[in-house]
Amino acid sequence: MVQVVAKTGNEAMAEAMRQINPDVVAAYPITPATEIVMIFSQFVADGLVNTQYVPVESEHSAMSATIAASAAGARAMTGTSSQGLALMYELLPIASALRLPIVMPEVNRALSGPINIHNDHSDTFAARDFGWIQIFSENSQEAYDNMLQAVRIAEHPKVKLPTMVTTDGFIISHCLEKIEVFEDDVVKNYVGKFPAYTNLLDLKNPVTLGALDLQNYYFEHRRQTAEAMKSAKEIILEVGKDFGKKFGREYGFFEEYKMDDAEMAIVCLGSIAGSAKSVVDEYREKGVKVGLMKIRVYRPFPAEEIASVLERMKAVAVVEKADGLAAKGGPLFDEIRSALYDKKKKPSVIDFIVGLGGREVTHKHLNEIFDELKDLAATGIVKELIQYKGVR
Amino acid sequence: MQKITEIRWHGRGGQGAKTAALLLGDAAMSLGKFIQAFPEYGPERMGAPVASFNRISSEPITIHYGITEPNVVLVLDPTLIGSIDVTKGLSDDGVIIVNTSSSPKEIRTLTKFSGGKVFTVDASKISKESIGKDIPNTPMLGALIKATGLLDFDHMIEDLKKKLAKKFASKPEVIEGNLKAVKRAFDEAKGE
C-alpha cells in the first residue's frame, strides 16, 4: 500500500496533485514553485490525469481561472510562490468570500524587494487575513500528506474554504528526501468525489456569485467567512486524526516535540523546526528542559490551543522568517503573545526574526537562540524583546 | 547530534554535480538509508563552479541547513582546485576524491590537505572509454564507495542495474557502459 520513494518537496506536491487528479489546473510558473506545475503539466501531456490544464499569462489570471473553474463546479487547483502569490492577492479574498474549496501548493519565498528568490515566510504571512486556510510543512513528507488532507479540509461542508499548503523554497522544494506515497486508488478513495457546492453551468438552477454586496450584507458575509474559518478548526483536527488512523501519521494544529515536561519552548514553523529539533536533543542531553512547538496550521490561528500549552512555560522564543517592518515584532510573535495575554500565568516571550531572503539559519544561530531562551527561563529578564539573528 | 555523513560535490555548471547528488541519494535510499540531496541554491551558468550536497544516515534526518563541514568532498573537475577552496570545512579525518589522472600525492600538494584520505580516479577517461562520453559523475560513485565504504558496493550495483534497465530499456549498451564505468572506478581509485 505504501511505496518508499525519493522526492523533492516540489515533486512530492506534484505527485499529490496527480493522485488527486483535479478537474482544472490553471497556473503560471514561478521560482521556486515552477517544478510543481511543470511536472504536473507533463502528467497532463502524458495522459496520466484527466485535468484540463490552462496555461495562463500571469498569476492574476491563474487565480481568476481557478476561481471561475471552482465556481463552475470543478475541483480546481493552482500553485505559486512569492510575487506570484502577491499578484493573486486581489483575488485571494474573493475565493474565500465565494467559499470555493480551492487547494493551492505555495512555496514560501521572500517578497520583493529587493528582488530575491529564496525562502522566508513573508509571502504567505502577508496573505494571512484573506480567509485562506494556511498549512505549513516541515519536509517533503508533510508536504505530500498536507496536500491530501487539504482537499478533505477545504471541501468539507462545514468549511468550504480555499486552502494553501506551503513548503520552504529551495530548502524543501529542491531537497530530495525519502518519503512514503500511497497507491493511486488509495488516494482516489481518500479524497473522494468533488462535492460541487456551486455549479454556474447548471442552467436549471441558476445562481449568482460575486454580486455587489454593500452596506446591506457585506458585513454579514465577512462575519460568515470568519465563522467558517473557526469551524474549520474542528475539521482540521478530525481530518488530521483520521489521517493518522488510516496512514499512521497523525496531524494537529501544531506538533509538540519534547514538550511534556518542558519549562521553556521554541516556537517556529516550516523546515527550521527540523533543525531546531536536533538542537532540542542536544540541550536535553545537557539536562535543559526545553521543548519545541511547530505551528502547522497558521490560519485559522489556533490561539487558545497554543496558549494552553505555552502557559506552562517559563520562557518562550518565537523564531520566525518574517518581519512586520516596525510592527511589534514578527506576525507570529504578535499573535502568540496576544494569545497568552488572557492567561493568569504566562511566560516571557521573545522574538527572533531569522533567515530573511534565504539567509541561512545555522546550527550556531540556533544554539545562540537556545542559550538566550535558557537565560530568560532562569532569570525572567528580557534583555531584548525583538532580535534579528544572523543579520550583519 | 544525529550521526550523518555529509558530502559536498564540486563541479562546473552542466557537468552533472546536481545529478550526481541525486543519483547517490537515490542509491543510498534504495539501500535503506535516510537521505538528502540538494543543489547549491544560486544562479547556475554553464561552466561556472557549482556545488551540490548529500546527507546520508541510518536514522531519519531532520536538519535542513546547508553543509559547511562535510566529511567527504568529491571534485568532478580538477581545474577547480586552486580557483576555489575545495577542502573548505573538510574535517581532519575527512576524505577528498578527485576526478584526475594525477596521483593522490600530487593532489595533496595541490590542495594542501594533510588530514584524512585523498583518493584519485580518472573518471573522465573511464567514462569516455565505457560510456563514450565525458560524464564523470556516475563513475565517481564507484570511487566514493571504495574510499568510504558508505554503501555496500554489490548492492549498489544491483540497484543501479535495475534503475538503468528501467530508464534505458531500448539502449542496453548504455546500461552496460554505466555499470562498467562504476566498477572500473571502484577498482582503479587509488588513495593514501
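Only a predicted model underlies this, so the values are computations on that prediction, with no experimental measurement involved.

**Structural notes on the interface of chain B and chain A**
Bring the parts together and some accessible area is lost; that lost area is often taken as the interface size. With 19 residues of chain B at the interface, the matching set in chain A holds 25 residues. Between chain B and chain A the total buried area reaches about 1,800 Å² when both faces are included, carbon and sulfur atoms providing 62% of it. Looking only at chain B, the three residues that lose the most surface to chain A are Tyr 41, His 64 and Tyr 65 of chain B, adding up to 38% of its buried area. Run the count over chain B and chain A and you get zero salt bridges. Between chain B and chain A we count six residue pairs in polar contact (both at pLDDT 80 or more) in total.

**Some thoughts on the environment of Leu 160 of chain B**
All names here are of chain B. Here Leu 160 is to be found in helix H5 (residues 153–167). Considered as a pair, Leu 160 and Leu 179 are 19 residues apart in the sequence and their alpha carbons are 7.6 Å apart. Leu 160 has contacts with Leu 179 and Val 182, leaving out every residue within four places of it along the chain.

**A look at the pattern of salt bridges**
Enumeration according to the criterion identifies 37 salt bridges over all chains in this entry. A salt bridge links Glu 138 of chain A to Lys 294 of chain A; the shortest N-O distance between them is 2.8 Å. One end of the pair, Glu 138 of chain A, is in the loop between strand E7 (133–136) and helix H7 (140–154); the other, Lys 294 of chain A, is in strand E12 (residues 290–295), with 156 residues separating them in the sequence. Here Asp 77 of chain B and Arg 12 of chain B are joined by a salt bridge, their closest N and O atoms 2.9 Å apart.

**Considering the domain arrangement of chain A**
Residue and element names in this part refer to chain A. You can read the domains of chain A as domain 1 (2–247) and domain 2 (254–388). The C-alpha-based centres of domain 1 and domain 2 are spaced at 28 Å. Counting residues at the interface gives 27 residues for domain 1, matched by 29 residues for domain 2. The junction of domain 1 with domain 2 conceals about 2,100 Å² of combined surface from both sides, 55% of it contributed by carbon and sulfur atoms. Per-residue buried area on domain 1 facing domain 2 is highest for Phe 125, Arg 128 and Glu 138; these three make up 31% of the total on that side. Scanning the region where domain 1 abuts domain 2 turns up eight salt bridges. The interface formed by domain 1 and domain 2 contains 18 residue pairs in polar contact (both at pLDDT 80 or more).

**Some thoughts on the pairing of strand E4 (residues 72–75) of chain B**
Residues and elements named next belong to chain B. By the alternation rule, side chains of E4 split into Val 72 and Leu 74 and Val 73 and Val 75, which are all buried. As paired strands, strand E1 (residues 4–12) and E4 are joined by four bridges and run parallel to one another. The residue bridging Ile 7 from the neighbouring strand is Val 72, located in E4. Sheet analysis places E4 next to strand E5 (residues 95–99), joined by four bridges and oriented parallel. Within the sheet, the bridge partner assigned to Val 75 lies in E5 and is Val 98.

**Topic: empty space enclosed by the protein**
Residues and elements named next belong to chain A. Going through the model one piece at a time under the given rule, you end up with one cavity of 30 Å³ or more. Roughly 70 Å³ of internal volume is contained in the largest cavity. What lines the largest cavity is Ile 350, Glu 372, Asp 375, Leu 376, Ile 381, Lys 383, Glu 384 and Gln 387. Among the elements that make up the lining of the largest cavity, the one with the highest residue count is helix H13 (residues 363–379) (three residues).

**A look at the sheet that holds strand E3 (residues 49–57) of chain B**
If you trace the nine strands from one edge of the open sheet to the other, you get E1(A)-E9(A)-E2(B)-E3(B)-E1(B)-E4(B)-E5(B)-E6(B)-E7(B), paired in mixed fashion. Each of the sheet's edge strands pairs with one partner strand only, and the pair in question is strand E1 (2–7) of chain A together with strand E7 (190–191) of chain B. Inspection of the sheet shows E5 of chain B paired to strand E6 (residues 117–121) of chain B by five bridges, in the parallel sense. Counted as the bridge partner of Ile 96 of chain B is Val 118 of chain B from E6 of chain B. Against the sheet, helix H4 (residues 137–148) of chain B contacts E1, E4, E5 and E6 of chain B, and its axis sits at roughly 150 degrees relative to E5 of chain B.

**Quick word on the packing of aromatic side chains**
Residues and elements named next belong to chain A. Counted by the stated rule, this structure contains 16 aromatic pairs over all chains. A ring pair is formed by Phe 40 and Phe 43, whose centres lie 6.3 Å apart and whose planes are at 85 degrees; its orientation type is edge-to-face. Of the two residues, Phe 40 and Phe 43 both sit in helix H2 (residues 34–45), three residues apart, roughly one turn of that helix. For Phe 43, a relative accessible area of 13% puts it in the buried group. Ring pairing ties together the aromatic residues Tyr 144, Phe 182, Tyr 190, Phe 243, Phe 247 and Tyr 251, which thus form one cluster. In this structure, Lys 286 packs its charged tip against the face of Tyr 283, placed 4.0 Å from the ring centre.

**With respect to the layout of surface pockets**
Computed from the structure, the largest pocket encloses a volume of approximately 980 Å³. Considering the residues around the largest pocket, the lining is formed by 30 residues, among which Leu 23, Asp 26, Lys 163, Leu 164 and Lys 167 of chain B are closest to the centre. Within the residue set of the lining of the largest pocket, elements represented by two or more residues are E1 of chain A together with helix H1 (17–30), H4, H5 and helix H6 (172–188) of chain B. The element best represented in the lining of the largest pocket is H5 of chain B, accounting for eight residues. When its residues are assigned to classes, the lining of the largest pocket shows 15 nonpolar, seven polar and eight charged. Put simply, the second largest pocket is a space of about 800 Å³. Taken together, 36 residues form the lining of the second largest pocket, with Glu 360 of chain A together with Tyr 41, Phe 53, Gly 66 and Ile 67 of chain B sitting closest to its centre. Of all elements in the fold, only helix H10 (272–285) of chain A together with E1, strand E2 (34–39) and E3 of chain B reach the threshold of two or more residues within the lining of the second largest pocket. Looking at the lining of the second largest pocket element by element, the count peaks at five residues for E3 of chain B.

**Some thoughts on a nonpolar patch on the surface**
Taken together, the side chains of Met 1, Val 2 and Val 4 of chain A define a hydrophobic patch exposed on the protein surface, amounting to about 260 Å² of accessible area. Its relative accessible area of 40% is what places Val 2 of chain A among the partly exposed residues.

**Considerations on the environment of Lys 289 of chain A**
Residue and element names in this part refer to chain A. For Lys 289, the position within the fold is in the loop between H10 and E12. Sequence-wise, Lys 289 and Met 264 are 25 residues apart; in three dimensions their C-alpha atoms are separated by 6.7 Å. The residues contacting Lys 289, other than those within four sequence positions of it, are Asp 261, Ala 262, Glu 263, Met 264 and Arg 284.

About the cut-offs
Residues numbered from 1 in each chain as written. Chains lettered and ligands numbered in written order. Predicted model: local features only at pLDDT ≥ 70, side-chain atom pairs only at ≥ 80, totals over all residues. Heavy atoms only, no water. Contact = heavy atoms within 4.5 Å. Buried area = accessible area lost by both parts, 1.4 Å probe. Salt bridge = Lys/Arg side-chain N within 4 Å of Asp/Glu carboxyl O. Polar contact = N/O pair within 3.5 Å; in protein donor to acceptor, adjacent residues only side chain to side chain. Helix = DSSP H or I, 4+ residues; strand = E, 2+ residues; numbered from the N terminus. Domains from an automatic or database assignment. Buried < 20%, exposed > 50% of the residue type's maximum accessible area, 1.4 Å probe, protein only. Pairing = 2+ DSSP bridges. 1 Å grid on protein atoms, 1.4 Å probe; cavity = no way out; pocket = protein on both sides within 12 Å on 5 of 7 lines; lining within 4 Å. Points joined across faces, edges and corners; volume = space filled by probe spheres on them. Axes fitted to C-alpha atoms, helices over the stretch in contact; angles between N-to-C directions. Phe/Tyr/Trp six-rings, centres within 6.5 Å; stacked < 30°, edge-to-face > 60°. Lys NZ or Arg CZ within 6 Å of the ring centre and 35° of its normal. Nonpolar A, V, L, I, M, F, W, Y, C, P; charged D, E, K, R; others polar. Patch = residues over 30% accessible without salt bridge, like charges linked within 9 Å, V, L, I, M, F, W, Y side chains within 5 Å. Areas by Shrake-Rupley, 256 points an atom, 1.4 Å probe, with all protein chains shown as cover.

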